[in-house]
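# Chains, contacts and geometry: an overview
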Amino acid sequence: MADGKEAFKVWQCRTCGYLYEEEFGDPNEGLKPGTRWADIPDDWICPLCGTPKSDFDMVELE
Amino acid sequence: MIPQDIADTIVDPKAYAEQKRVDEAFKTLRREMPLAVAQPKDFDPFWVVTKHADILEVERQNDLFHNGDRPTVVTPIKAEKRVRELMGGSPHLVRSLVQMDNPDHFNYRKLTQSWFMPQNLRKLEARIREIAKSFVDRMAAKGDRCDFARDVAFLYPLHVIMEVIGVPEVDEPLMLKLTQELFGSADPDLNRNAAEMQDVDAAIASLQAVVGDFITYFNAMTESRRAQPRDDLASVIANGKINGEPLGYLEAMSYYIIAATAGHDTTSNTTAGGLWALAENPDQFRKLKADPSLIPSYLEESIRWVTPVKHFMRSATADATLAGQKIAKGDWMMLSYPSGNRDEDVFVDPFTFDVARSPNKHVAFGYGAHVCLGQHLGRMEMRVLWEELLPRLEEVALDGTPTRTQANFVCGPKSVPIRFKMH
């Protein structure tokens, strides 16, 4: 559990498959480890292909 | 209008083999005319998109800038005419994802997308690591010298992708030869005629023969997988449906061809070029050895450094504005990835190889809907190879002069002779 509240989630770009894992963030994008999906600005786009944040899906990794 | 000597350089396969000449040409363009029209001898005019931001802007708008209406690779006028005669009006010898636009592109990509997603690839990592270890062992068995391109970099990604597709190991040399004949068609060391190809009709006939050999091979594979599906990519293509119908014949054959060529050649080029860069930059090699956590950034830097896909072409479906210039409907455009990946506005010291470069938002895999489908597989293959090789590699240096393939589309190192010490 993160923050003692909710488990970290993983979000995936529908176009290219880029994974945003809240636990690790994406330092290249200026997103620190632990940054929640909801805290990423709505105009953020996929760093690999430019797909809008709205076209990401929450996924489960094995 | 771009000066004639620069226009001729940016389509000259030999300039890409030399690299310095093409780097200088694009450096001049980025500085003096970052978006301008070139008309090399024997070619239709086209816009040359040299800046990173403009490449992203074009790739992002895949309905405004199409892949399929004109050749996707820069092609002389006579060659385009000849292909259209042969292919019933189409400017393409094959019809893969690269030549498609929506809705076909979306539908055909969806067919294999899940195969190439990171969560599926994680299941393959243990097997890929076994393959990587076997190539590292083979390199160690060579003693203290090898040609890293020919002995390791060309063969390892080939083996991985062929296993993914379902091509038996015995056929890998054939697949490598056909790939090199396709992408190295302008290189007398690699093309089918083993000669400089000056005559357009002969060059197209040669390419058509290579594509024909691929089709003969994969046609048999389709029949086999339809009769007995397996857990491989060939079975997905052979039994796939688009809108409830099997894939078109040319589209299915093209799907195999792109997987069996682009699926290893780009990774091979990057792997060979990545080690070449370490051999030439001992300080970077030592830095990487001292801190293996730099492997991911080294990997991205080697992709940027080599940029194996040199360009793709697009054409405008409507009048448009790009970087303040008017692009007319039908205009043809060259997206120069090596130029975007040396853009001084995006990369600090772009001509310096830096294993710790961060951020490193290169455009080597493209961008937008056509971004490379196999990028996650390519990255995984290279990461795993470096994780296995670097801890055992104590010293590495060039042992002669490396060479590059003569090609203006997909190319990279042809030979990387090295001396090394391994345990």
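Before any of the text, the structure's been laid out above.
Residues numbered from 1 in each chain as written. Chains lettered and ligands numbered in written order. Predicted model: local features only at pLDDT ≥ 70, side-chain atom pairs only at ≥ 80, totals over all residues.

### Describing the overall build of chain A
Within chain A one finds 0 helices and 3 strands. For chain A, the sequential pattern of α-helices and β-strands runs β-β-β. Taken over the C-alpha atoms alone, chain A extends approximately 35 × 25 × 20 Å along its principal axes. Looking at the 62 residues of chain A, the share that counts as buried comes to 21%. (Helix = DSSP H or I, 4+ residues; strand = E, 2+ residues; numbered from the N terminus. Buried ≥ 20, exposed ≤ 12 C-beta atoms within 10 Å, placed from the backbone.)

### Thoughts on the overall build of chain B
Looking only at helices and strands, chain B features 18 helices and 14 strands. In summary, chain B has a C-alpha radius of gyration of 21 Å against a globular reference of 22 Å for 423 residues, a match within 12%. In terms of principal-axis extent, the alpha carbons of chain B reach across some 60 × 60 × 40 Å. Residue burial in chain B is summarised as follows: out of 423 residues, 50% are buried. Long-range contacts, defined as pairs at least 24 residues apart, comprise 71% of the intrachain contacts of chain B with a sequence gap of at least 6. (Rg over C-alpha atoms; globule rule 2.2 N^0.38 Å. Contact = placed C-beta atoms within 7 Å.)

### Comments concerning the packing of helix H14 (residues 249-280) of chain B against helix H18 (residues 375-389) of chain B
Residue and element names in this part refer to chain B. The N-to-C vectors of H14 and H18 enclose an angle of 35°; their axes lie 10 Å apart at closest approach. Two packed elements cross with a definite hand, and for H14 against H18 that hand is right-handed. Side by side, H14 and H18 meet where Thr 266, Thr 267, Thr 270 and Thr 271 of the first sit next to Gly 378, Glu 381, Met 382 and Leu 385 of the second. Of the residues that constitute the contact of H14 with H18, the class distribution is 2 nonpolar, 5 polar and 1 charged. (Axes fitted to C-alpha atoms, helices over the stretch in contact; angles between N-to-C directions. Left-handed = near helix turned anticlockwise from the far one by under 90°. Nonpolar A, V, L, I, M, F, W, Y, C, P; charged D, E, K, R; others polar.)

### Structural notes on the sheet that holds strand S11 (residues 393-398) of chain B
Residues and elements named next belong to chain B. A sheet is described by the order of its strands in space; here 3 strands give the open sequence S4-S14-S11, paired in antiparallel fashion. Both outer strands of the open sheet, strand S4 (145-147) and S11, are each paired with one neighbouring strand and no more. Each strand of the sheet is rotated relative to its neighbour by a mean of 30°, with strand direction disregarded. Judged from the 3 bridges that link them, S4 and strand S14 (residues 417-422) form a sheet pairing that is antiparallel. If you follow Arg 145 over to S14, its bridge partner there is Arg 419. Sitting on the sheet, H14 is in contact with S11 and S14, with an inclination near 90° to S11. (Pairing = 2+ DSSP bridges.)

### Some words on the environment of Asp 42 of chain A
Residues and elements named next belong to chain A. Here Asp 42 is to be found in the loop between strand S2 (19-21) and strand S3 (56-59). Taking the C-beta count within 10 Å as the criterion, Asp 42 has 7 such neighbours and is therefore assigned exposed. Linking Asp 42 and Ser 54, residues 12 residues apart in sequence, is a C-alpha distance of 7.6 Å.

### So, the sheet that holds strand S10 (residues 332-336) of chain B
Residue and element names in this part refer to chain B. The strand order across the open sheet built from 5 strands is S1-S2-S10-S7-S3, with neighbouring strands paired in mixed fashion. Unpaired on one side and paired on the other, strand S1 (35-38) and strand S3 (65-66) mark the two borders of the sheet. With 4 bridges joining them, S1 and strand S2 (residues 46-49) adopt antiparallel strand pairing. The residue of S2 that forms the bridge with Ala 36 is Val 48. Along the sheet, helix H4 (residues 52-60) makes contact with S1, S2, S3, strand S7 (311-316) and S10, crossing S10 at roughly 125°.

### A few points about the nonpolar core
Core analysis: the largest hydrophobic core is formed by 131 residues, its most contacted members being Val 48, Phe 148, Ile 165, Tyr 256, Met 333 and Met 334 of chain B. Ranked by the residues each element gives to this core, the list is headed by H14 of chain B, at 12 residues. (Core = buried A, V, L, I, M, F, W, Y, C linked by C-beta atoms within 7 Å.)

### With respect to helix H3 (residues 20-32) of chain B
Residue and element names in this part refer to chain B. The end-to-end C-alpha distance of H3 is 18 Å, a good match for the 18 Å that 13 residues give at a rise of 1.5 Å each. Val 22, Ala 25, Phe 26, Leu 29 and Arg 30 are the residues of H3 that are buried. On an axial view of H3, the arc spanned by its buried residues comes to 130°, and they lie on one face. With respect to the buried face of H3, the exposed residues turned more than 90 degrees away are Lys 20, Arg 31 and Glu 32. Residues of H3 that are buried make contact with helix H1 (4-9), helix H2 (13-18), S2, S10 and helix H17 (337-340). (Expected span 1.5 Å × (residues − 1). Arc of directions from axis to C-beta.)

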